[in-house]
Amino acid sequence: MTQRVGFSDIHIEYNRPVVHGRHLFGGLVKWGRIWHPGADSATTITFSSATLIEGQPLPYPGDSLDALRVRVTPETGQHMEVLAFYFPVVGPDSATLNLHWGTTVVPIRIKIPH
């Protein structure tokens, strides 16, 4: 999936795991452990220009490709059977990217500096 924000393209590549009646967060996805969203492989997100994620500048990835970690506050939403990424809000220089799986929605604020 690709979304344009300002003059920047945001490209997300991911596989879509299915809930299949499982208890997700705190069950399948253990608390306190690193988890990558996606099935079989990690999700990748690329930006075509300088970007702030939750107010922090996104550096170029290093050897581990783990470029940035941010704290976000999850919300509760309608049940989503398959993992989805979508942009409910897109402005001229900012957007909100939602990670949504089961009833958990994780909003991630993105800003493209001028």
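Every chain begins its residue count from 1, and numbering advances along the sequence as written. Since the coordinates come from a predicted model, pLDDT governs what is reported: local features require at least 70, and pairs of side-chain atoms require 80 or more to be given and counted, while whole-chain, interface and lining totals use all residues. Side-chain numbers here rest on the full set of heavy atoms in the structure, without hydrogens or water.

*Asks:* Even after reading the chapter, I still don't get the pairing of strand β1 (residues 2–5), so can you show me in this structure?
*Replies:* In summary, the side chains of a regular strand alternate between the two faces of the sheet. Two strands pair under a simple rule: DSSP has to find at least two bridges between them. A run of H or I in DSSP counts as a helix once it spans at least four residues, and a run of E counts as a strand once it spans at least two, with each numbered from the N terminus. Judged from the 4 bridges that link them, β1 and strand β2 (residues 8–13) form a sheet pairing that is antiparallel. When the sheet's bridge partners are listed, Thr-2 is paired in β2 with His-11. Hairpin remark: β1 followed by β2, antiparallel, with 2 residues in the connecting loop; positive phi at Gly-6, about 60 degrees.

*Asks:* Would you mind showing me how to read the sheet that holds strand β6 (residues 75–90) here?
*Replies:* The strands making up a sheet associate through backbone hydrogen bonding, with each pair oriented either parallel or antiparallel. Across the sheet, which stays open at both edges, the 4 strands sit in the order β5-β4-β7-β6 with antiparallel pairing between neighbours. With partners counted over all chains shown, the strands left at the sheet margins are β5 (56–57) and β6, one partner each.

*Asks:* Before we go on, may I ask you to explain the pattern of salt bridges in this structure?
*Replies:* A side chain with one charge can pair with a side chain of the opposite charge if their charged atoms come near. The term salt bridge refers to a pairing of a side-chain nitrogen on Lys or Arg with a carboxyl oxygen on Asp or Glu at a separation within 4 Å. For the coordinates displayed, the defined rule picks out 3 salt bridges. In this structure, Asp-9 engages Arg-4 in a salt bridge whose closest nitrogen and oxygen atoms are separated by 2.8 Å. On the basis of relative accessibility, which here comes to 46%, the residue Arg-4 falls in the partly exposed class. Arg-109 is the partner of Glu-54 in a salt bridge, and the nearest nitrogen-oxygen pair spans 2.9 Å. Taken together, the residues Glu-54 in the loop between β4 (52–53) and β5 and Arg-109 in strand β7 (residues 94–111) connect sequence positions 55 residues apart. For every residue, the accessible area obtained with a 1.4 Å probe (protein chains only) is divided by the maximum for its type, and the residue is called buried under 20%, exposed over 50%, and partly exposed between those limits.

*Asks:* What exactly am I supposed to notice about the sheet that holds β1 here?
*Replies:* Strand order across the open sheet formed by 3 strands is β1-β2-β3, with antiparallel pairing between neighbours. Of all strands in the sheet, those bounded by a partner on one side alone are β1 and β3 (44–47). Neighbour to neighbour, the strand axes of the sheet diverge by 15 degrees on average, direction disregarded. The axes are straight lines fitted to the C-alpha atoms, using for helices just the contacting stretch, and the angles between their N-to-C directions are given from 0 to 180°.

*Asks:* Mind showing me how you'd approach unusual backbone geometry here?
*Replies:* One can expect most non-glycine residues to show negative phi and most peptide bonds to be in trans. Positive phi values are uncommon outside glycine, yet His-20 reaches one of about 50 degrees. Relative to the helices and strands, His-20 resides in the loop between β2 and β3. Backbone geometry at Glu-54 places phi at a positive 50 degrees, although glycine is not the residue there.

*Asks:* Please explain the nonpolar core as it appears in this structure.
*Replies:* Inside soluble globular proteins, nonpolar side chains tend to come together where they are buried. Ile-10, Ile-12, Phe-85, Phe-87, Leu-97, Trp-101 and Ile-110 are the most contacted members of the largest nonpolar core, which totals 19 residues. Every element with two or more residues in this core is listed here: β2, β6 and β7. Only buried residues count toward a nonpolar core. Its members are Ala, Val, Leu, Ile, Met, Phe, Trp, Tyr and Cys residues joined through side-chain atoms within 4.5 Å.

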